[in-house]
Amino acid sequence: MEGKEKEVQGTIQGKSKRKSKVSKEKKIKEPQYYTSATNMRTLNYKVYYMSLGEKVFYFLIGFAVGAAIGYLFYGGLAKDAYGEPTSATYILNMLISGAAGIGAGCAFIPIRTDMIQKTRTKKLKSQFRDMLEAFNTSLGAGKNVVDSFHSVYEDLKVQYEEDAYILKELEVILYCMANNVDLEVPLTDFGARSGVDDIVSFANVFKICYHKGGNIKDTIRNTQIILSDKMEIEEEIETTVTGARSEQYMMLVMPVLLIGMMKMMSADFAANFATLAGIIATTIGIVMFAAAYLVGRAVLNIKV
């Protein structure tokens, strides 16, 4: 019996250790910057972490909007029989507006972070396509791979600003080549950090072809054509859903505008929102519009 109890305790302790190990791994955040093979700092495009100033700024924006909407929908409660505000009315106004503002501010930070990260990825895709076109043109003109990367860097310097993502990546690639690092190393690292399937595919194709001694010109040309067609399809889809996304934002704003107009135009009608039935109806409406926004956002998030 004692042996069985010890065995059970050992099993339980092993499970608890594994759980604690998994929980620790989950808490570890993916770094925003890595170090290349030549000790250059490289950006991790898959994540974006706001600075303290950015968090405060976007929290204040969310707080202001949330507090205003909270007051608009739930302001003016606990008035007396003559419709005059009481001390409870002012207290409730502050509590409701503050709670709504804090909730909106905390919710807006991750939403804005996701928007910034997606915008950055979109820019990287566009710049990478331009790099592929310039690289394919240089190879077609008879230049070797090393000279082609130098030519691409000079061409894109005219097209983009100095802090463009693709220029920074080309600088890493050129510096690695100058220090006798295999070319596929920075390309593979770039694909892993980008989080973009097209860049990962290009890095893998280039690694196999360049390492195995295949026809690099035809391979790059075919890869460039396939990836460019895919990116054009993504842009067409994005253009198509832009109108639907604008309508979605309008539908979110419309209830706020309608409630504001009704409360400003008729004080007697606005008093109905302060009743129990008005509070319940308002809450149901907010929940329905929030659910509709989340469903619409998921539907419009089309990936190729």
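Our structure is the block above this text.
Chains are numbered independently. Their residues run from 1 in the order of the written sequence. Confidence filtering applies because this is a predicted model: local features only for residues at pLDDT of at least 70, side-chain atom pairs given and counted only at 80 or more, and all residues used for totals across whole chains, interfaces and linings. To obtain the side-chain values, all non-hydrogen atoms of the structure were used and water was disregarded.

1. Points about helix α5 (residues 165–178)
- Helix and strand definitions follow DSSP, with helices as H or I runs of at least four residues and strands as E runs of at least two, each counted in order from the N terminus. Here the expected span of a helix is defined as 1.5 Å times the quantity of residues minus one. For α5, which comprises 14 residues, the first-to-last C-alpha distance of 20 Å matches the rise-based estimate of 20 Å (1.5 Å per residue) to within 8%.
- Relative accessibility under 20% of the residue-type maximum defines a buried residue, over 50% an exposed one, and the middle range a partly exposed one, all with a 1.4 Å probe and only protein chains included. Taken residue by residue, α5 has Ile 166, Leu 167, Glu 169, Leu 170, Val 172, Ile 173, Leu 174, Cys 176 and Met 177 as its buried positions.
- Buried residues along α5 sit in contact with β2 (41–43), α3 (87–140), α4 (145–159) and α6 (184–194). Here, residues are in contact when the closest pair of their heavy atoms is within 4.5 Å.

2. Describing the layout of surface pockets
- Two kinds of site are reported from a 1 Å grid over the protein atoms alone, namely cavities, where a 1.4 Å probe fits but cannot get out, and pockets, open sets with protein on both sides within 12 Å along at least five of seven lines, and residues are called lining when an atom falls within 4 Å of a point. Grid points are joined across faces, edges and corners, and a volume is the space filled by probe spheres set on the points. Reported here for the second largest pocket is a volume of approximately 410 Å³.
- Lining the second largest pocket are 20 residues, and of these Gly 75, Gly 76, Lys 79, Ala 270 and Ala 274 lie nearest its centre.
- If you list the elements that add at least two residues to the lining of the second largest pocket, you get α2 (52–74), α3 and α9 (267–270).
- Side-chain classes are defined by residue name, with Ala, Val, Leu, Ile, Met, Phe, Trp, Tyr, Cys and Pro counting as nonpolar, Asp, Glu, Lys and Arg as charged, and the others, Gly among them, as polar. Taken together, the residues that form the lining of the second largest pocket break down as eleven nonpolar, six polar and three charged.

3. What to know about the pattern of salt bridges
- What counts as a salt bridge is simple: a side-chain nitrogen of Lys or Arg found within 4 Å of a carboxyl oxygen of Asp or Glu. Within the structure shown, the criterion is met by seven salt bridges.
- Residue Arg 193 is joined to Glu 169 by a salt bridge in which the shortest nitrogen-to-oxygen separation is 2.6 Å. On the criterion of sequence distance, the pair formed by Arg 193 in helix α6 and Glu 169 in helix α5 is long-range, its members being 24 residues apart.
- In this structure Glu 169 comes out as buried when scored by relative accessible area, which is 4%.
- Between Arg 221 and Asp 218 there is a salt bridge; the shortest N-O distance is 2.7 Å. Of the two residues, Arg 221 and Asp 218 are both situated in helix α8 (residues 216–265); the distance of three residues between them amounts to about one turn of the helix.
- Classification of Arg 221 by relative accessible area gives partly exposed; the value is 34%.
- Given a relative accessible area of 29%, Asp 218 falls into the partly exposed group.
- One continuous salt-bridge network, built from bridges that share partners, spans Glu 169, Asp 189 and Arg 193.

4. Overview of unusual backbone geometry
- The phi dihedral of Asn 39 is positive, around 65°, even though this residue is not glycine.
- Its location among the elements puts Asn 39 in the loop between β1 (33–35) and β2.
- The phi dihedral of Asn 180 is positive, around 60°, even though this residue is not glycine.
- By secondary structure assignment, the location of Asn 180 is in the loop between α5 and α6.

5. Let's talk about a nonpolar patch on the surface
- A cluster of nonpolar side chains, Tyr 249, Met 250, Met 251, Leu 252, Val 253, Met 254, Leu 257, Leu 258, Met 261, Met 264, Met 265 and Phe 289, forms an exposed patch at the surface whose accessible area comes to about 1200 Å².
- The element that contributes the greatest number of residues to the nonpolar patch is α8, accounting for eleven residues.
- Residue position: Met 261 is located in helix α8.
- Taking relative accessible area as the criterion, Met 261 reaches 46% and is therefore assigned partly exposed. Each patch is built from residues lacking any salt bridge and having more than 30% relative accessible area; the joining distance is 9 Å for like charges and 5 Å for nonpolar side chains (Val, Leu, Ile, Met, Phe, Trp, Tyr). Where accessible areas are quoted, they stem from the Shrake-Rupley method and a 1.4 Å probe; at the residue level, only the protein chains shown are allowed to cover.

Note that every value here comes from positions in space, so none of it alone points to a role or purpose.
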